[in-house]
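One letter stands for each residue in the lines below.
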Amino acid sequence: MRIWLDGGLRDIDSARVSVFDHGLTVGDGVFETVKAVDGKPFALTRHLDRLTRSARGLGLPDPDLDEVRRACAAVLEATPIPFGRLRVTYTGGHGPLGSDRGEHGPTLVVALGDAARRPETTAVIMVPWTRNERSAVTGLKTTSYAENVVALARAHRYGASEALFGNTVGQLCEGTGSNVFVVLDGEIHTPPVASGCLAGITRALVVEWTGAKETDLPLDALERAEEVFLTSSLRDVQAVHRVDDREQPGAPGPATLKAMRIFDERSGHDLDP
């Protein structure tokens, strides 16, 4: 495996960042996870646009997107795999042991790892913790992922692959690394970005391509939904067959199957929509 670190490719044994890197010490960084199929990234332009938005939201300098593109291409060429997770990480760089930033400038890491294709359906649980839709980092894809780690571990203990959060006002929000959609009266709905969810790349494409509505959804929408599905860069569109202890009979249902088909067709024809 070859990893891009601060300007060039490194072997995995020599790709090391400082123990004083702000991404490590205080989670001061942003990242993107890009689906890579047969050496080609999917929706890279959208991912890099969001990387820039996230960096600006943290007050980091804009990433050099030409370098990021070169890094992605170099890593993909150096590590040929049929299906993978291309990870772009951009941090505040070497800094003091506190929240103040140093003067050394940001760190850029691009790495690629194998990924398993997700099954057609999955189980999810609701967790008792909330997303803060008014947080300073709401909508930013930061490396501060500890609450997602805790929630996902709980999901795994209950035989699920994802945990769903509500927000502070009792609305459905998102998963630890996915967006959630529900089908009500035959129409597809997903929480708006104002709910505190991340503006997912796959989420945006599904909204554009299927006409799904962005709707404030109470938590009981999951109980009333005829169908539930998740979206993310590596899940694409994935049906949900169980929410907590409630089965979703017949998953994937007709609306989900249609969304799956549309996404497969459109994404197959355009790798950078």
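On a predicted model such as this, the values are computed, not experimentally measured, just so you know.

Q: Sorry, what's going on with the packing of aromatic side chains here?
A: How two aromatic rings sit relative to each other is set out by the distance from centre to centre and by the angle between their planes. Under the definition given, this model contains 4 aromatic pairs. Ring geometry for phenylalanine 31 versus tyrosine 145: centroids 5.2 Å apart, planes at 80°, classification edge-to-face. Of this pair, phenylalanine 31 sits in strand β3 (residues 29-37) while tyrosine 145 is found in the loop between β7 (121-131) and α4 (146-157), placing the two residues 114 residues apart along the sequence. In this structure phenylalanine 31 comes out as buried when scored by relative accessible area, which is 4%. Aromatic pair phenylalanine 42 and phenylalanine 263: ring centres 6.1 Å apart, planes at 70°, arrangement edge-to-face. Here phenylalanine 42, found in the loop between β4 (40-41) and α2 (44-58), pairs with phenylalanine 263, found in helix α7 (residues 254-269); they are 221 residues apart in sequence, far enough to count as distant. The exposure classification of phenylalanine 42 matches that of phenylalanine 263, with both residues buried. An aromatic cluster is built from Phe42, Trp209 and Phe263, whose rings are joined through pairwise contacts. Against the face of phenylalanine 83 rests arginine 117, its NZ or CZ located 4.1 Å from the ring centre. Across from the ring centre of phenylalanine 165, 4.0 Å away, lies the NZ or CZ of arginine 131, which sits over that ring.

Q: Honestly, empty space enclosed by the protein in this entry has me stumped. Any pointers?
A: In this approach, a probe sized like a water molecule rolls over the atoms, and the result shows the empty space that is left. As enumerated under the stated definition, the model contains 1 cavity of 30 Å³ or more in all. As a volume, the largest cavity reaches approximately 40 Å³. Considering the residues around the largest cavity, the lining is formed by Glu226, Glu227, Val228, Ala239, Val240, Gln248, Pro249, Ala251, Pro252, Gly253 and Thr256. Those elements that place two or more of their residues in the lining of the largest cavity are β13 (227-232) and β14 (236-243). For the lining of the largest cavity, the class distribution of residues is 6 nonpolar, 3 polar and 2 charged.

Q: How do you make sense of the sheet that holds strand β1 (residues 2-5) when you look at a structure like this?
A: Sheet strands pair via backbone hydrogen bonds, and the direction of the pair is either parallel or antiparallel. Strands sit in the order β2-β1-β6-β5-β3-β4 across an open sheet of 6 strands; the sheet is antiparallel. With one partner strand each, in any of the chains shown, β2 (8-11) and β4 form the two edges of the open sheet. The pairing of β1 with β2 spans 4 bridges and is antiparallel. In the strand pairing of β2, leucine 5 is matched with glycine 8.

What counts and how
Residues numbered from 1 in each chain as written. Predicted model: local features only at pLDDT ≥ 70, side-chain atom pairs only at ≥ 80, totals over all residues. Heavy atoms only, no water. Phe/Tyr/Trp six-rings, centres within 6.5 Å; stacked < 30°, edge-to-face > 60°. Helix = DSSP H or I, 4+ residues; strand = E, 2+ residues; numbered from the N terminus. Buried < 20%, exposed > 50% of the residue type's maximum accessible area, 1.4 Å probe, protein only. Lys NZ or Arg CZ within 6 Å of the ring centre and 35° of its normal. 1 Å grid on protein atoms, 1.4 Å probe; cavity = no way out; pocket = protein on both sides within 12 Å on 5 of 7 lines; lining within 4 Å. Points joined across faces, edges and corners; volume = space filled by probe spheres on them. Nonpolar A, V, L, I, M, F, W, Y, C, P; charged D, E, K, R; others polar. Pairing = 2+ DSSP bridges.

By themselves, these observations are geometric and do not establish any function.
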